[in-house]
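Descriptive analysis of the structure
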Amino acid sequence: MADTRILLKTVAIALPFGLAAFLCIYGGLALYVPGTQIITDPREIFVTLGGALTGPAGALLIGVLAGIYDPVPGLYPATIAMHVTGALWMAFAYKKLVFERFSSWLFFPAWIALVAAYYLAFVMPVFVLATSLLPDLSAQVFPDGLSAQALATFYRAVIWPELVLTSLITAAILALLPMRLRKPLW
């Protein structure tokens, strides 16, 4: 019975995070990265925070909702894979590496490091790998080819403004939350 209540609470909290991420992209709140068909958008705010706070079950739901729509046709498998992978990273890493280990003065630098890892070690590499496995999709996403220059453009465009702003906005939101609400649900 307790497990069912926790799961229902997790879904009830994860669903608004996932829907907010979905609505960011579905509502057109995005910009295209020059030279690619890749977009930068604010949905990662909801994926990182929601995944961290709701744990693996919530992260899975949020990741799927964040990736099920993309303006580039056929990109859904890649966007779902990248958001699920990233959200799961945030769920595990937040609980095990940040919440349980760091005092309040190290909490925020550790959070920012998690968000940086979210982008640089999980979301972006999974996206590049997923698109490169499908040549037609890769050609659609990287019209000039998947080259070192295209990857550098992609990484630069995502690091600023998306990674930096997501780190700062989510850190500010966490700073406003009481400690009891920062605790992961699982």
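Keep in mind that what you see is a predicted model, and the values were worked out from it rather than measured.

Next up on the list: empty space enclosed by the protein. For the structure on display, the rule yields 1 cavity of 30 Å³ or more. Around the largest cavity, the lining is made up of 18 residues, and of these I38, I39, R43, M82 and F154 lie nearest the centre. Elements supplying a minimum of two residues to the lining of the largest cavity: helix 2 (43-67), helix 3 (76-99), helix 4 (104-132) and helix 6 (148-176). Take the lining of the largest cavity: its biggest share by element is 4 residues, from helix 4. Partitioned by chemical class, the residues of the lining of the largest cavity number 11 nonpolar, 2 polar and 5 charged.

Next up on the list: the packing of helix 3 against helix 4. Each pair of packed helices gets described by two things: the angle between the helix axes and the distance between those axes. Running from N to C, helix 3 and helix 4 cross one another at 155°; their axes reach a closest spacing of 9 Å. In terms of their interaxial angle, helix 3 and helix 4 are classed as roughly antiparallel. In this structure, helix 3 crosses over helix 4, and the sense of that crossing is right-handed. Along the lines of polarity and charge, the residues of the contact of helix 3 with helix 4 split into 21 nonpolar, 4 polar and no charged.

So, on to the side chain of T79. Along the chain, T79 falls in helix 3. Taking the relative accessible area as the measure of exposure, T79 reaches 2% and is therefore buried. Polar contacts involving the side chain of T79 include one to the main-chain carbonyl oxygen of G67, which spans 2.6 Å. With residues near it in sequence (within four places) discarded, T79 still touches G67 and D70.

Here the focus is the environment of P161. Tracing the chain through its elements places P161 in helix 6. Residue classification places P161 among the partly exposed positions, given a relative accessible area of 30%. For the pair P161 and P42, spaced 119 residues apart in the sequence, the C-alpha separation amounts to 9.9 Å.

Cut-off values and rules
Residues numbered from 1 in each chain as written. Predicted model: local features only at pLDDT ≥ 70, side-chain atom pairs only at ≥ 80, totals over all residues. Heavy atoms only, no water. 1 Å grid on protein atoms, 1.4 Å probe; cavity = no way out; pocket = protein on both sides within 12 Å on 5 of 7 lines; lining within 4 Å. Points joined across faces, edges and corners; volume = space filled by probe spheres on them. Helix = DSSP H or I, 4+ residues; strand = E, 2+ residues; numbered from the N terminus. Nonpolar A, V, L, I, M, F, W, Y, C, P; charged D, E, K, R; others polar. Axes fitted to C-alpha atoms, helices over the stretch in contact; angles between N-to-C directions. Parallel < 35°, antiparallel > 145°, perpendicular 65-115°, else oblique. Left-handed = near helix turned anticlockwise from the far one by under 90°. Buried < 20%, exposed > 50% of the residue type's maximum accessible area, 1.4 Å probe, protein only. Polar contact = N/O pair within 3.5 Å; in protein donor to acceptor, adjacent residues only side chain to side chain. Contact = heavy atoms within 4.5 Å.

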